Amino acid sequence: MNTRTIKSNGRDYVFICRSAKNRSGFTHDCEMQIGAQSFSRHAQYYNRTWECYTYQTVMIGALNEYKDYIERHLKEKFLEENGYGRMTASRKVEFEKILAENPQLKDIAEVRKELDHNSTWW
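Treat the numbers as computed from the prediction; the structure is a model and nothing was measured.

What counts as what
- Here the residue index of a chain counts from 1 through its sequence in written order.
- For a predicted model such as this one, the threshold for reporting local features is a pLDDT of at least 70, and the threshold for listing and counting side-chain atom pairs is 80 or more; totals across whole chains, interfaces and linings nevertheless cover every residue.
- To obtain the side-chain values, all non-hydrogen atoms of the structure were used and water was disregarded.
- Numbered from the N terminus, helices here are DSSP runs of H or I no shorter than four residues, and strands are runs of E no shorter than two.
- Relative accessibility under 20% of the residue-type maximum defines a buried residue, over 50% an exposed one, and the middle range a partly exposed one, all with a 1.4 Å probe and only protein chains included.
- Contacts are assigned to residue pairs with any non-hydrogen atoms lying within 4.5 Å of each other.
- Here the rule is simple: two strands pair whenever DSSP picks up at least two bridges between them.
- Axis geometry follows a simple rule: fit a line to the C-alpha atoms, using only the stretch in contact for helices, then measure angles between N-to-C directions, giving values from 0 to 180 degrees.
- Defined by distance alone, a disulfide is two cysteine sulfur atoms within 2.5 Å.
- Salt bridges are defined by distance alone: a side-chain nitrogen of Lys or Arg within 4 Å of a carboxyl oxygen of Asp or Glu.

Q: Just to check I follow, could you spell out the environment of Ile-60 for this structure?
A: Along the chain, Ile-60 falls in helix α1 (residues 56-82). When its relative accessible area of 12% is taken as the criterion, Ile-60 is described as buried. Contact partners of Ile-60, with chain neighbours within four places excluded, come to Arg-112, Leu-115 and Asp-116.

Q: What is the right way to look at the sheet that holds strand β1 (residues 2-8) in this model?
A: The strands that make up a sheet are held in pairs by hydrogen bonds between backbone atoms, and each pair lies either parallel or antiparallel. Taken in spatial order, the 4 strands of this open sheet run β1-β2-β3-β4, and their pairing is antiparallel. Unpaired on one side and paired on the other, β1 and β4 (37-45) mark the two borders of the sheet. Between one strand axis and the next, the sheet turns through 20 degrees on average, direction left out of account. Against the sheet, α1 touches β1, β2 (11-22), β3 (25-34) and β4, its axis set at about 140 degrees to β4. Against the sheet, helix α3 (residues 103-117) touches β1 and β2, its axis set at about 45 degrees to β2.

Q: How do you make sense of the state of the cysteines when you look at a structure like this?
A: Linking two cysteines covalently through their sulfur atoms gives a disulfide. Counted according to the given criterion, the structure contains 0 disulfides. Just so you know, Cys-17 is unpaired, no disulfide at all, and the nearest cysteine sulfur is the one on Cys-30, 3.6 Å from it. Its relative accessible area of 1% is what places Cys-30 among the buried residues.

Q: Just checking my understanding: could you explain unusual backbone geometry for this structure?
A: With the exception of glycine, most residues fall at negative phi, and the peptide bonds are largely trans. Residues other than glycine seldom take positive phi values, yet Asn-9 does so here, at roughly 50 degrees. Checked against the element boundaries, Asn-9 lands in the loop between β1 and β2. For Asn-9, a relative accessible area of 68% puts it in the exposed group. Residue Tyr-55 is not a glycine yet carries a positive backbone phi of 80 degrees. Relative to the elements of secondary structure, Tyr-55 occurs in the loop between β4 and α1.

Q: Is there a simple way to think about the side chain of Ser-8 in this case?
A: Topologically, Ser-8 is positioned in strand β1. Residue classification places Ser-8 among the buried positions, given a relative accessible area of 7%.

Q: Explain the pairing of β2 here, please?
A: Remark: a regular strand shows side chains that alternate across the two faces of the sheet. The pairing of β1 with β2 spans 7 bridges and is classified as antiparallel. Among the inter-strand pairings, Thr-3 is bridged to a residue of β2, identified as Ile-16. Counting the residues between successive antiparallel strands, the hairpin from β1 to β2 contains 2 residues, one of them, Asn-9, with a positive phi of roughly 50 degrees. Where β2 lies against β3, 9 bridges are found, and the strand directions are antiparallel. Across the sheet, Ala-20 pairs through a bridge with Thr-27, a residue of β3. Between β2 and β3, which pair antiparallel in sequence order, lie 2 residues.

Q: So what exactly am I meant to see when it comes to the pattern of salt bridges here?
A: For side chains bearing opposite charge, pairing can occur when the charged atoms are close. All told, the structure shown has 4 salt bridges when counted by the stated rule. For Arg-41, the salt bridge identified is with Glu-65, shortest N-O distance 2.7 Å. Residue Arg-41 is located in strand β4, and its partner Glu-65 is located in helix α1; the two are separated by 24 residues in the primary sequence. Judged by relative accessible area, which is 31%, Glu-65 ranks as partly exposed. Measuring nitrogen to oxygen at the nearest pair gives 2.9 Å for the salt bridge that ties Arg-112 to Asp-116. One end of the pair is Arg-112 and the other is Asp-116, both in helix α3 and 4 residues apart, which spans about a single turn. Given the relative accessible area of 32%, Arg-112 is considered partly exposed. Here Asp-116 falls in the partly exposed class, since its relative accessible area comes to 30%.

Given below as structure tokens:
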């Protein structure tokens, strides 16, 4: 088991990664913890990975799970607060502005940059 913590604006993004052999090859699993929330990703490999460093794919996948969760929550809140039943093209333009200003999504983008460029972890 390997653990990596990335700090962004006072928040700790803790990535707990594991690998295991199986009859088809091997797997990588990552659980990302942020506060009391947890998001995970699993990947099966048959021969080898093409990652820049071990666990890169599952770490990015777990971070994307968190990003999707935040975006779904913001969309539901946007629709509910404005009394909308569905997202239209014109409403989407307004919603995109909300996404661009959201501090959590900005933090996620910073963590993603760290995951994309730091190949010296393992």
